[in-house]
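Each chain is listed here by its residues.
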Amino acid sequence: MTTVLLLESIHTLGADFLRDKGYDVKTHDGALDEDELIEAIQDIELLGIRSTTYLTEKVLNAAPHLLAVGAFCIGTNQIDLPAATARGVAVFNAPYSNTRSVVELAIGEIIALARRLHEKNTDMHAGIWNKSAAGSHEVRGRTLGIVGYGNIGSQLSVIAEALGMRVIFFDVDDKLALGNARKCATIEELLAEADVVSLHVDGRPGNAGLFGEDQMVLMKPRSLFLNLSRGITTDTAALRRHVESGHIAGAAVDVFPIEPKRQGDPFESDLRGLKNVILTPHVGGSTEEAQQDIGRFVASKLDAYSRFGNTSLSVNLPEISMSTHARGHRLAHLHQNAPGVLASINGVLGQRGVNVEAQSLATKGTVGYVVTDVSAEVGDDVLDEVATLPDSIRLRQIS
Ligand SMILES: NC(=O)c1ccc[n+]([C@@H]2O[C@H](COP(=O)([O-])OP(=O)(O)OC[C@H]3O[C@@H](n4cnc5c(N)ncnc54)[C@H](O)[C@@H]3O)[C@@H](O)[C@H]2O)c1
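Residues numbered from 1 in each chain as written. Predicted model: local features only at pLDDT ≥ 70, side-chain atom pairs only at ≥ 80, totals over all residues. Heavy atoms only, no water.

Student: An account of the packing of helix α5 (residues 99-114) against helix α7 (residues 151-162) is needed here, citing residue identities and associated values.
Tutor: The interhelical angle for the contact between α5 and α7, taken along N-to-C directions, is 50°, at an axis separation of 9 Å. As judged from the angle between their axes, α5 and α7 are oblique. Relative to α7, α5 is oriented so that their crossing is right-handed. Counting all contacts with α5, which are made through Thr99, Arg100, Val102, Val103, Ala106 and Ile107, the residues of α7 involved are Asn151, Ile152, Gln155, Leu156, Ile159 and Ala160. Here the residues of the contact of α5 with α7 sort into eight nonpolar, three polar and one charged. (Axes fitted to C-alpha atoms, helices over the stretch in contact; angles between N-to-C directions. Helix = DSSP H or I, 4+ residues; strand = E, 2+ residues; numbered from the N terminus. Parallel < 35°, antiparallel > 145°, perpendicular 65-115°, else oblique. Left-handed = near helix turned anticlockwise from the far one by under 90°. Contact = heavy atoms within 4.5 Å. Nonpolar A, V, L, I, M, F, W, Y, C, P; charged D, E, K, R; others polar.)

Student: Please give an account of the nonpolar core that cites residues and values.
Tutor: Where a protein is soluble and globular, its nonpolar side chains tend to be buried together. Ranked by size, the top nonpolar core spans 29 residues in total, and within it Ala68, Phe72 and Tyr305 carry the most contacts. Listing elements by their share of this core, those giving two or more residues are β1 (3-6), α1 (12-20), β5 (90-92), α11 (288-308), β13 (329-336) and β15 (367-374). A total of five residues in this core trace back to one element, the largest contributor, which is α11. Setting aside residues no more than four positions away along its own chain, Ala68 makes contact with Glu45, Leu46, Leu47, Val89, Ala90, Phe92, Leu302 and Tyr305. If you look at the next biggest cluster of nonpolar residues, it comprises 26 residues, including Ala106, Ile107, Ile146 and Ile278. (Core = buried A, V, L, I, M, F, W, Y, C linked by side-chain atoms within 4.5 Å. Buried < 20%, exposed > 50% of the residue type's maximum accessible area, 1.4 Å probe, protein only.)

Student: Would you mind going over the site of the ligand in detail, with residue names and values included?
Tutor: Near the ligand there are 26 residues, and of these Ile152, Asp171, Val201, Asn207 and Asp254 occur at the shortest range. Take Lys175: an N or O atom from its side chain is 3.2 Å from an oxygen atom of the ligand. Between the ligand and Arg230 there is a distance of 2.8 Å, counted from an oxygen atom to a side-chain nitrogen or oxygen. Out of a free accessible area of 870 Å², the ligand has 87% covered by protein chains. The class makeup of the residues in the shell around the ligand is nine nonpolar, ten polar and seven charged. (Near = heavy atom within 4 Å. Polar contact = N/O pair within 3.5 Å; in protein donor to acceptor, adjacent residues only side chain to side chain. Areas by Shrake-Rupley, 256 points an atom, 1.4 Å probe, with all protein chains shown as cover.)

Student: Residue-level account of the packing of α1 against α11, with values.
Tutor: At their nearest, the axes of α1 and α11 sit 7 Å apart, and the two run at 30° to each other. It follows that α1 is roughly parallel to α11 by the angle criterion. In this structure, the crossing between α1 and α11 has a hand that is right-handed. Side by side, α1 and α11 meet where Leu13, Gly14, Phe17 and Leu18 of the first sit next to Gln292, Gly295, Arg296, Ala299, Ser300 and Asp303 of the second. Class assignment of the residues belonging to the contact of α1 with α11 gives a composition of four nonpolar, four polar and two charged.

Student: Provide a residue-level description of the pattern of salt bridges, including the pertinent values.
Tutor: For the coordinates displayed, the defined rule picks out 19 salt bridges. Where Glu189 meets Arg182, a salt bridge forms, and the shortest distance between an N and an O atom there is 3.1 Å. Salt bridges sharing partners connect three or more residues here, namely Arg166, Arg182, Glu189 and Glu193. (Salt bridge = Lys/Arg side-chain N within 4 Å of Asp/Glu carboxyl O.)

Student: Let's hear about the sheet that holds strand β4 (residues 68-71): which residues, and what values?
Tutor: Within the open sheet, the five strands sit side by side as β2-β1-β3-β4-β5. Their pairing is parallel. Single-partner strands in this sheet number two, and they are β2 (24-27) and β5. On average, each strand axis in the sheet is tilted by 15° relative to the strand beside it, whichever way the strands run. In the packing of α1 onto the sheet, the strands contacted are β1 and β2, and the crossing angle to β2 comes to about 160°. Against the sheet, α11 makes contact with β3 (46-49), β4 and β5, and its axis sits at roughly 165° relative to β4, the strand it touches most. (Pairing = 2+ DSSP bridges.)

This is a description of form; function is not addressed.
Next comes the structure, spelled out in structure tokens:
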């Protein structure tokens, strides 16, 4: 039975999925520190973590049986990816499981800001009855400007249009416009037209300081601003000035340049205490639905790799997806991305009379991955010969 350890209270759907498939699954509620982890994963083949378990090179060195790591979250900064790759350990995560959650929060916040709900709610809790239409708007017919038209930005586009908003977007890549959305050639063009500007860019280094004084001054008077993407993108001091001056009528911010490390740690920001500014503690993607989806999604990736050698959407290995239907035997070979490895493997198989029925090769950076379906079980001597080819990293026979 393949051994699995799931840490950090990963959603139970993950463990259920793997147990149903016959894995020997152990779970642990919290994260483990380096020494505890080294002790715990000696015999583990599949490991599941979230964001607070750090997989260092030292830990990976101490896990000779480890085949794959599932990061049951979005980010993989907690894993030494080059070290994992060099040891032939596949890493998977769940890049899309919380897309819808972020989009729904953004939609809710656009309406809340347009209706000044936060301000009205605060007044009511303070015993103030302030019935007024001043400064409250419908979103229908307003223009939403989306900066970053990736998974989240493009889904937001579709739902905003369903609400009757006009959508324009700017992306550094050439993206297909969905529905009636219109692509802008520059961010300046977008800022000149948008009643609501929403950032959905990724965290590439060039995006630090993407949105500051120079951009805010170009926004339409009384427009709204949202950042549910990355804290580093936005100059919060400039945002405060523009909200105080009334140039920006409201803002919703979920991500901050510096965020508290632990639950209960104090939160400091220029944006505290402003009217019609909604602040949330990086919860855009935090819903029970997203957690369930992450549990199921990452568990299925670990299973597909363990039982079939499939690496689709792996963070670090080349992607191969071969048939999961009944077949003979499968060899999954990870190697240095060097010329001639495929020929060497096939040379060994050919000389030993092993018939290849299907084969797929992919490379990514420094590694290559070749999956070969063969008609009969391959003997240990042949496996040894392939495993010890000069550029081999790891070989598995999957039956
Ligand atoms: N608040 C949360 O809890 C939460 C949850 C999930 C994701 N996120 C963040 O949301 C962001 C978007 O996520 P995604 O899954 O849509 O990512 P994605 O990679 O699918 O899309 C990002 C898009 O931004 C574009 N882009 C990058 N830099 C740009 C720039 N300077 N100007 C214009 N376009 C630019 C890219 O070309 C890409 O199309 C990420 O930063 C992600 O970390 C936040």
